[in-house]
Amino acid sequence: MQLIDTHTHIYLPEFDSDRSEVITRALNSGVSKLLMPNIDCSSVQAMLAVEATYPGKCLSMIGLHPTSVREDYKSQLDELEKIEGSHNFIAIGEIGIDLYWDKSFANEQVISFRRQINFALERDLPVVVHSRDAFAEVFGVLDEFRGRGLKGVLHAFTGGHDEMQKALNLGFKLGIGGIVTFKNSHLDNVIKDTGIENIILETDSPYLAPVPYRGKRNESSYICNINRKIADIKGMTEKEVAEATFSVSRELFNLNE
């Protein structure tokens, strides 16, 4: 049984003391690839260093996270686009809009999001979209690109049926992580009504660890718990969910064996 963690920040300092052990645990648990979204210019070097240490296993994206959008966002985007030209990235991410922590740069987040989507289309790359307290704003921007071949995933999806349907109508996948295992999560109802071909698995480690690790540091090997929960919800075997989500992830990110 093979799995892909489509969203892990394994390069962050939270893993500096035991990164090799964490990655080994993931590989031994059947996680064949760990996909790494970028945060901003300051995170690129650490991310690429991990990729170089684990070639073919840890794969990098490039993008400016919405919470990193500040006064210097234009120069950051210029630098990130320059870096993209010198490396083979698998996606543009993570990008999007986050109005939970700070709305000071809401307009700049929209501008940054739109620019990075255009960049993804120019490079024929998928986008990994972060949305927090901003579904209306995110879908408003994505609708501008309808019919242009844009593809991607709504990372850490927490929406209801309406948001699920809007995402699928745009051709996007749903990134399902540890939140689905939380007792008060409504995601089980959404996932019941979502075809398995529209779901990919992610941890968002070191954040949002699934039950029974909730509140602790998350890691890619815990994706097995997410896979198991989705199998329970959909009345499928763990192997069936793993095979389906593995195939969808490979196609979306154009991953070669």
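Described in the following lines is the structure provided in the data block. (Residues numbered from 1 in each chain as written. Predicted model: local features only at pLDDT ≥ 70, side-chain atom pairs only at ≥ 80, totals over all residues. Heavy atoms only, no water.)

## Some remarks on the environment of N107
Here is the rule we go by: A run of H or I in DSSP counts as a helix once it spans at least four residues, and a run of E counts as a strand once it spans at least two, with each numbered from the N terminus. Any residue under 20% of the maximum accessible area for its type is buried, any over 50% is exposed, and the rest in between are partly exposed; the area is computed with a 1.4 Å probe on protein chains only.
For N107, the position within the fold is in helix α4 (residues 106-123). Look at N107 and you get exposed, because its relative accessible area is 60%. Sequence separation between N107 and V69 is 38 residues; the distance between their C-alpha atoms is 9.9 Å.

## Notes on the layout of surface pockets
Picture a little ball the size of a water molecule; that probe, rolled over the atoms, points out where space is still empty. Spelled out, the test is: Note on definitions: the grid is 1 Å and covers protein atoms alone; a cavity is a set of points where a 1.4 Å probe fits but cannot get out; a pocket is an open set with protein on both sides within 12 Å along at least five of seven lines; lining residues have an atom within 4 Å of a point. Grid points are joined across faces, edges and corners, and a volume is the space filled by probe spheres set on the points.
As a volume, the largest pocket reaches approximately 560 Å³. Contributing to the lining of the largest pocket are 21 residues, with D98, H130, R132, D204 and L208 lying nearest its centre. Elements represented by at least two residues in the lining of the largest pocket include exactly β4 (92-98) and β5 (127-132). With 3 residues, β5 is the single largest residue contributor to the lining of the largest pocket.

## Some details on the pairing of strand β2 (residues 31-36)
The test is simple: At least two DSSP bridges between two strands are needed for those strands to be called paired. We call a crossover right-handed when, viewed with both strands directed away from the observer, the connection leading from the first strand over the helix to the second proceeds clockwise.
Burial analysis of β2 places 6 of its 6 residues in the buried class, which makes it a mostly covered element. Relative to β2, strand β1 (residues 3-5) runs parallel, the two being bridged by 3 bridges. The residue bridging D5 from the neighbouring strand is L34, located in β2. After leaving β1, the chain enters helix α1 (residues 19-28) and then returns to the sheet as β2, a path that is right-handed. One ladder, built from 3 bridges, connects β2 with strand β3 (residues 58-60); its direction is parallel. When the sheet's bridge partners are listed, L34 is paired in β3 with C58.

## Some details on empty space enclosed by the protein
Formally: In this classification, Asp, Glu, Lys and Arg are treated as charged, Ala, Val, Leu, Ile, Met, Phe, Trp, Tyr, Cys and Pro as nonpolar, and every other residue, Gly included, as polar.
Following the criterion strictly, the structure yields 2 cavities of 30 Å³ or more and no others. Its volume calculated, the largest cavity comes out at about 70 Å³. As for the largest cavity, its lining consists of I62, G63, L64, L77, L80, E81, I92, Q116 and F119. When residues of the lining of the largest cavity are traced back to their parent elements, those giving at least two are α3 (73-84) and α4. Residue contributions to the lining of the largest cavity peak at 3 residues, all from α3. Tallied by class, residues from the lining of the largest cavity come to 6 nonpolar, 2 polar and 1 charged. In this structure, the second largest cavity occupies an estimated 60 Å³ of space. Looking at side-chain class alone, the lining of the second largest cavity contains 6 nonpolar, 3 polar and 2 charged residues.

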